[in-house]
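What follows is the residue order along each chain.
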Amino acid sequence: MSRTGIGYDSHRFVEGRPLVLGGQVIPHTMGLAGHSDADAIAHALTDAILGAAAAGDIGTHFPDTDDRWKGADSLQLLRAACALVGQRGLGVAQVDVTVILERPKLGPHIPAIRTALAGALGIAVDAVSVKAKTNEGMGFVGRGEGIATLAVATLEVR
Ligand SMILES: [Zn+2]
């Protein structure tokens, strides 16, 4: 038996912060605004994993009013979500992520992002899919104001 969850996250670009996606610092002129490291890949995936277990969302378990998560490495949240669903007898089998951004080009960084996510999730790299696309110049992503991320996680009963 398996269970599937979906996650979504978006963050605004700001100057003076590093761009962190999937636990990797991506060279760029701007970073993402947020209480934690604003890692939109890790946040969308965390919500997908919690969603698959019907276990609430990232804001419930890791509220941005909690100073423990201020500037936090969001891969920690991902590990914590895996532990939480693990207590319910569920384990992550496979994930798929789509990052929507105009720039920078994410392609060269995708292998490192997949490896980092696989490590945090405790699964094989070939069970971690990460894709990037632009928004064809449309909307807030198209104007370069921020990025959006979608994620799907499949959990199996253990
Ligand atoms: Zn976020």
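Small disclaimer: the values here were computed from a predicted structure and weren't measured.

**Student:** Any details on the side chain of Thr98? Residues and values, ideally.
**Tutor:** Inspection of the secondary structure puts Thr98 in strand E5 (residues 90-100). Residue Thr98 is classed as buried on the basis of its relative accessible area of 16%. Looking at Thr98, its side chain comes within polar contact range of the side chain of Lys131, at 3.0 Å. In contact with Thr98, other than residues within four places in its own chain, are Lys131, Lys133, Ala148, Thr149 and Leu150.

**Student:** Account for helix H3 (residues 74-86), naming residues and giving values.
**Tutor:** Between its terminal C-alpha atoms H3 stretches 18 Å, which fits the 18 Å expected from 13 residues at 1.5 Å a residue. Residues of H3 that are buried sit in contact with helix H1 (40-52), helix H2 (58-61), E5, helix H4 (110-121) and strand E7 (146-157). The N-cap residue of H3 is Asp73: its side-chain oxygen and the backbone nitrogen of Leu75 are 2.9 Å apart.

**Student:** Tell me about the environment of Ile110, and name the residues and values.
**Tutor:** Relative to the elements of secondary structure, Ile110 occurs in helix H4. Judged by its relative accessible area of 14%, Ile110 falls in the buried class. Sequence separation between Ile110 and Ile26 is 84 residues, and the spatial gap between their C-alpha atoms is 10 Å. What Ile110 contacts, discounting residues up to four positions off in sequence, is Val130, Lys131 and Ala132.

Basis of the calculations
Residues numbered from 1 in each chain as written. Predicted model: local features only at pLDDT ≥ 70, side-chain atom pairs only at ≥ 80, totals over all residues. Heavy atoms only, no water. Helix = DSSP H or I, 4+ residues; strand = E, 2+ residues; numbered from the N terminus. Buried < 20%, exposed > 50% of the residue type's maximum accessible area, 1.4 Å probe, protein only. Polar contact = N/O pair within 3.5 Å; in protein donor to acceptor, adjacent residues only side chain to side chain. Contact = heavy atoms within 4.5 Å. Expected span 1.5 Å × (residues − 1).

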